[in-house]
Amino acid sequence: MSESTRPALDVDAIRERLAGESGPRYWRSLEEIAQTPEFRDFLAHEFPENADQWGDAFNRRRFLQLMGASFALAGLSACARQPAESIVPYADAPEGLVAGRPLFFATMLPWRGHAIGVLAESHMGRPTKIEGNPDHPASLGSTDVFAQASILQLYDPERSRVVTRDGTIATWDELSSALATALEGERIRRGAGLRVLTGTVTSPTLAAQIRTLVSDFPGARWHRWEGVPRDNVRAGSRMAFGADLEPQYRFDRADVVVSLGGDFLAGEPGSIRWARDFSSLRRVRAGTTRMSRVFAAECSPGLAGAAADHRVAVAPSGLLPLARALAAAVDGASSMGLAPAAEGWVAAAARGLAGAPARGLVVAGESAPAHVHAIAHFLNGRLGNSGSTVVYTEPAEADPVLHAESIAELARDMAAGRVESLVILGGNPVYTAPADLDFRGKLSKVPFTVHLSLEEDETSEWCHWHVPQAHPLESWGDGRAFDGTVSIQQPLIAPLFGGKSAHELVAALSGEPDRSSHEIVKEHWSKERPAGFDAFWKKALRDGLVPDTALPARAATGRAPASVAAAPPAGGGLEISFAPDPSVWDGEWANNGWLQELPKPLTKLTWDNAALMSPGTAKRLGVTDEDVVELSAGGRTVKAAVWRLPGHPDDCVTAHLGYGRTRVGSVGRAAGFDAFALRTSSNLGYAQGVVLRKTGGRHRLACTQIHHSMEGRALVRLATLDEFRKNPGFAREMEEQPAVGDSLYPEIKDEHYSWGMAIDLSTCIGCNACVVACQAENNIPVVGRKQVLAGREMHWIRIDRYYSGDPDNPVPHFEPVTCMHCEKAPCEVVCPVGATIHSTEGLNEMIYNRCVGTRYCSNNCPYKVRRFNFLQYNDTKSPSLKLLRNPNVTVRSRGVMEKCSYCVQRIVAGRIEAENQDRAIRDGEVVTACQQACPARAISFGDIADRGSEVAHWKGEPHNYGLLTELNTRPRTTYLAKVRNT
Amino acid sequence: VSDEPRSTAGAPVLEPGHTYRSVSDKISSIVLARRTPKEWFIGAAISFSLLMLLLYAVGYLFLRGVGIWGINQPVGWGFAIINFVWWVGIGHAGTLISAILLLLRQEWRTSINRFAEAMTLFAVACAGLFPLLHLGRPWLAYWLFPYPDTMGLWPQFRSPLVWDVFAVSTYATVSLLFWFVGLLPDLATLRDRARRRLAKVVYGILAMGWRGSATHWHRYETAYLLLAGLATPLVVSVHTVVSFDFAIGLLPGWHTTIFPPYFVAGAIYSGFAMVLTLSIPLRAFYGLEDFITMRHLENMAKILIATGLIVAYGYGTEIFMSWYSANNFEWYLTMNRAFGPYWPSYWALILCNIAIPQLLWLRRIRTNTVMLWVIAIVVNVGMWLERYVIVVVSLHRDFLPSSWGTYHGTRWDWATYVGSIGLFLSLLFLFIRFLPVISIAEMRMLVSEKEDQGS
């Protein structure tokens, strides 16, 4: 809630004005009221001023009053709705549309401005699921958590639905005329007061539109800002090459990878692709003699560190000395004056790189300081990696700038009163801008501000105009992938809430408010590709990409890094590292329940961020998990709950960004603390001299895995590559497996198919994509923080995380656990009503409508993969969420057990397809949702009775093992033991 | 209420000086003649309030679902199953007293059997409630019964929960019949002695035309004996089947063959503790010391020691086997019970079930009704904790440490539990007020036997 001090109109007063009105008169009266400033103010707040004062004394009369007001609002928003553009005309059924059979459309989703090629599954005109586009270089058929969750973002019932002016409902036409008026003035000033603020733009069309706008108004400026910008990459490249170049890594060629800071496996525009390439050299099969060797230096433990053979924990300020030491060690220096652990790591990494000329790769993470990037570029050039494991291209971003500088310049101009009109296309700068800029305060000095966004956020609240944005699945557009490949974004559904795209808003700025994004994008490309445009357009839409648009490699050699004086060590206090959150990123995804409830890869926390610190530091400071502490830096203070994270560097705190949102839907409200409040423009990566003070308060954190140790049990079975080569069958020797027939119950013989799954623990990077994919595919409900605290999360696939080794720098192990589909399933014998039974294809099936909910099956499941609807978890009321559901999967009600089904609906679809063609289901034809999403290709599924199938090959590997086989469960999901270099 | 310590081994089970008339008068007067004491109203008011709490808790449960309880993943069963096992166990003493002691011709059972049988019935009623309430979809509970379904669906007979349905429903039926048949002569006595019209009619209908003819008595004796024979295996079978709910599961702490005997012993242990808990105040309030004599109490105390030691042996065997099996999971469980997060409940159970009842070796304690009553309550608490440890502590940490969790009963769990005690007490108060708490007919037989011995 904002702390507005303006006089407020309460519900009583509105009611008074409406009293005595009815029918048509009612409407007119409401419109009259809507003109008053008080009423606008009333509308600006999601809840009326005195809603919180009512408390428990919520009586019938008050209720009716509120209902009256809501009813009136509902009427108004209905008036503002645009006539829908029909995309799938059902009068003439589109070619290929068979009722009940999904269609797949190739399109793209922007990730931090960069395109991720996807295939959107559409059921009768409504998109329900996102899959990766196998042809697209940024996806290769895989996705990450955000791409998966974007489908929920589309249907979020709390997306904004109407254009507002000062919180009052307005129309697009009114905005257009307001824009025209504003630009009339600008035309005289040659645009000196016009500013456009966007995030990263790779869209050729949007970039062209904005460039045209800026050329029409030469005084106008195009500013860029993202909550987590890639400034270090840009600045590092400028340092090394004197130009903006984007490194394109080829992890599939890199025998030695040295990662300096950040996390190349998560969140970068190329991460999905890199994870695939990376895992290809981490895959171990019988006879494998080599795998890539990975060195990672990182602050807060992340996916890259977890995947590394050699990891060193280093605070952000220690990264540059470490990188320098590495460069020196490559040159032959022996002692670097670092801590012993770091010293050893540097020496080993240098040896590794030297031993693999042109096959090594030094990667600087986005969060690493620019100098570290420059050193990485220099080392790659020096070691001959440049041109082999890394090539350089122009950035995919149009007109790249340093975002921090750009937003600071804008803030300066706003403060100086030079900005008359500010148009913000997406993003949430009021929340994400560096705290020292006081963006919010300066924003209110701008006379005319327009904000385009999916939801009403902090920035919308402080702008004059808010325009609901059309979701990428609702609008036309285009974009470039990390390597420059162009994709056309095509809508799957007409805008649900009448949103506008950035293209349309910029067109309105150019005086063409009625142009649709379809026209704009198509016209741009028809100019670009005049020859054979129709064929080009059709092919681009069908393939989801424009071939041969990847940016060409440029020869570049990194300069030897200039020596900079090492930053003076901070005088006391802690260091705080600001990192994007693995689930909600910079807060953009805060209202997404799937992501909020997604256990973060290492901490397994949901619904909150925390002040992460090493157990040693927590002990020194006298704090423990869930203690609320006050963190102050530079006069700014936030309150955060502590969470101890093994492997975190000492005397340093990591704060994930994206939480503590103040103006957000009900999902993201009151979750976590706002780390942006401590982040200043001087250093977006970290701050030093932070003072931590105990408050004595406690805040419970909803963690899905409390226990970290394997307790000496053979759960994740681990060997070094050498051990594996000596004894490939090591994993099976770790547990007894009773013989077939050692059971009182008769064997069930499979007919036709024997479905089974194998998961490769060496390649699993723990990215969580499978978890969200499963949630999207199988209509799995979100239960909320309190229910997670009670231990009732519903995920059908979970990623268990265990630690081994040195408690100060442990090795994390990820183990995805699905239903094992045991051949001798303990759950089946104990169900009193036969609601879980064995199919003749080896599936352990759950019959929802037969389940009475004794939960005996769950108690008797040694893997604890069954999930129970303790309450009515599925939201069956919100209309937009009804569109979200996969129609082939039952929506479960309360009191019913559920669990992984191996995506039985996909098996059935495959069977129907095969039977229609009078053939058997082919290997690879049925793909489970988790398998499909996995960027590391760590999951294989198929018919294990078919000796030629991929999964049968995996299961034939010597290091294939089942979990808890001594219980004679005979699991159908098995694991390929984890093999590392160390 | 205190008695001088003295040997009760050969003491009478009926104090001397009683005649047919005095026995009938004294017992039937509780129902028919005496003014209902103020204490009854206070006790009944409390019990009925707790019953209302149960109705409230169950109403909210049906409205929202079992999620109002503390159960979760991995602890899928909580208070409901604990209470179920606890109540079923309590019932066992009644059946043991009525059936086995009858067949063994232990005449000291006579004055407490009626009361114990009623207790059995009410305990089974409470127990029967919980499996129903704990279902995710309780309105489909009838699917656990083998009924002619149009789709040809049957229960899944391999599941111990189905066995439970049969075991408990048989038990409830036989207990009800046994109790009712035993009541017939007394109901007739009440009918004959009742002065108010309504009482005459109601008791008359319930007495089913009993006239006390020799044929009636002959058939009555035969039927009673047969029912006793039927009920005898149930003493062993019901709790054996209940123990299968756990023993059939593969969870460490559940999957053990010691469970059936150890559960039966535990059931009788808790049942006798409950008989003592209820009969000691009852005999004091209604002046029934002549009928429920010190010998009764002492005998029950001895049974407590015996069954308590069997239970202790069971605990010992569990610990030994988990070590002897050399199974990592089993040993972890044993350690986790004693030293894990739930250690207080484990040690409290040892204290309540093993340590404190050893005081009963002392006759001074056995014959001190206050001490006996306190120890009986301690055993009741201990047996509840035992089930808590078996259900919750086994579930909360099983095979995969990633799934480990914690469990705590919520206010709704407690409300349902306390409410079920309210249901039990309400039924008991109604029973005390409207039916003879001691079998008049059997007591008269004791008088006649004494007269025979005397002459």
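These figures come from a predicted structure and were not determined experimentally.

Colleague: Before we move on, could you go through the overall build of chain A and cite the residues and values that matter?
Modeller: If you tally the helices and strands in chain A, you get 32 helices and 38 strands. For chain A, buried positions account for 62% of its 982 residues. If you sum the accessible surface of chain A, you get close to 35700 Å²; carbon and sulfur atoms cover 52% of it.

Colleague: Which residues make up the environment of Ile944 of chain A, and what are the values?
Modeller: Residues and elements named next belong to chain A. Along the chain, Ile944 falls in the loop between β35 (939-943) and α32 (950-955). Spatially, the C-alpha atom of Ile944 lies 8.9 Å from that of Arg972, the residues being 28 residues apart in sequence. Discounting chain neighbours no more than four positions away, the residues touching Ile944 are Ser754, Gly756, Ser949, Val951, Ala952, Lys955 and Arg972.

Colleague: I'd like a rundown of the interface of chain A and chain B, residues and numbers included.
Modeller: Note: interface size is frequently given as the accessible area lost on complex formation between the parts. Tallying the contact residues gives 53 residues for chain A and 55 residues for chain B. Contact between chain A and chain B buries roughly 4500 Å² in total, counting both sides, with carbon and sulfur atoms accounting for 54%. It is Arg713, Tyr856 and Arg894 of chain A that lose the most area in chain A upon contact with chain B, and together they represent 17% of the buried surface on that side. For the interface between chain A and chain B, the tally reads 1 salt bridge. Ionic pairing is found between Lys864 of chain A and Asp398 of chain B, a salt bridge with its closest N-O pair at 2.8 Å. The interface formed by chain A and chain B holds 37 residue pairs in polar contact (both at pLDDT 80 or more) in total.

Colleague: Give a description of the state of the cysteines that names residues and reports values.
Modeller: Residues and elements named next belong to chain A. What the rule picks out here adds up to 0 disulfides over all chains. Summary of cysteine pairing: Cys764 is not part of a disulfide, and the nearest cysteine sulfur, belonging to Cys770, is at 6.6 Å. Exposure remark for Cys764: the relative accessible area of 15% places this residue in the buried category.

Colleague: Could you give an account of the pairing of strand β8 (residues 246-249) of chain A, naming the residues involved and the relevant values?
Modeller: Residues and elements named next belong to chain A. Along β8, one buried face is formed by Glu246 and Gln248 and the opposite face, lined by Pro247 and Tyr249, is buried too. Two strands pair when backbone bridges link them, and β8 and strand β13 (residues 390-393) are joined in this way by 4 bridges, in the antiparallel orientation. Bridge pairing in β13 links Pro247 to Tyr392.

Colleague: Lay out the sheet that holds strand β3 (residues 126-132) of chain A with the relevant residues and their values.
Modeller: All names here are of chain A. Within the open sheet, the 3 strands sit side by side as β1-β2-β3. Their pairing is antiparallel. In this open sheet, the two strands that pair with only one neighbour each are β1 (103-111) and β3. The average undirected angle you get between the axes of adjacent strands in this sheet is 40°. Here β1 runs beside strand β2 (residues 114-123); their pairing, made up of 9 bridges, is antiparallel. Residue pairing for β2: Trp111 is matched across the bridge by His114. Lying over the sheet, helix α6 (residues 145-155) contacts β1 and β3, oriented at roughly 165° with respect to β3.

Colleague: How would you explain the sheet that holds strand β23 (residues 636-644) of chain A if you had to name every residue and give the values?
Modeller: All names here are of chain A. Pairing in this closed barrel of 6 strands is mixed, and the strands run β19-β24-β21-β23-β22-β25 around the ring. Each adjacent strand pair in this sheet contributes to an overall mean axis angle of 45°, direction not counted. Across 5 bridges, the pairing between strand β19 (residues 574-579) and strand β24 (residues 652-656) is parallel. Paired with Ser577 across the bridge in β24 is Thr654.

Colleague: Which residues make up the packing of aromatic side chains, and what are the values?
Modeller: Inspection of every chain in the model, using the stated rule, returns 71 aromatic pairs over all chains. Ring centres of Phe251 of chain A and Phe278 of chain A lie 6.2 Å apart, and the angle between their planes is 85°; this geometry places the pair in the edge-to-face category. Taken as a pair, Phe251 of chain A in the loop between β8 and β9 (256-260) and Phe278 of chain A in helix α10 (residues 271-280) lie far apart in primary sequence, 27 residues in all. By way of ring pairs, the aromatic residues Phe79, Trp86, Trp87, Tyr342, Trp384, Tyr388, Tyr407, Trp414, Tyr417 and Phe424 of chain B are connected into one cluster. Directly above the ring of Trp222 of chain A sits Arg224 of chain A, whose terminal nitrogen or CZ lies 3.8 Å from the centroid. Above the face of the Phe868 of chain A ring, Arg855 of chain A is positioned so that its terminal group lies 5.3 Å from the ring centre.

Each value, and the rule that gives it
- Residues numbered from 1 in each chain as written.
- Chains lettered and ligands numbered in written order.
- Predicted model: local features only at pLDDT ≥ 70, side-chain atom pairs only at ≥ 80, totals over all residues.
- Heavy atoms only, no water.
- Helix = DSSP H or I, 4+ residues; strand = E, 2+ residues; numbered from the N terminus.
- Buried < 20%, exposed > 50% of the residue type's maximum accessible area, 1.4 Å probe, protein only.
- Areas by Shrake-Rupley, 256 points an atom, 1.4 Å probe, with all protein chains shown as cover.
- Contact = heavy atoms within 4.5 Å.
- Buried area = accessible area lost by both parts, 1.4 Å probe.
- Salt bridge = Lys/Arg side-chain N within 4 Å of Asp/Glu carboxyl O.
- Polar contact = N/O pair within 3.5 Å; in protein donor to acceptor, adjacent residues only side chain to side chain.
- Disulfide = S-S within 2.5 Å.
- Pairing = 2+ DSSP bridges.
- Axes fitted to C-alpha atoms, helices over the stretch in contact; angles between N-to-C directions.
- Phe/Tyr/Trp six-rings, centres within 6.5 Å; stacked < 30°, edge-to-face > 60°.
- Lys NZ or Arg CZ within 6 Å of the ring centre and 35° of its normal.

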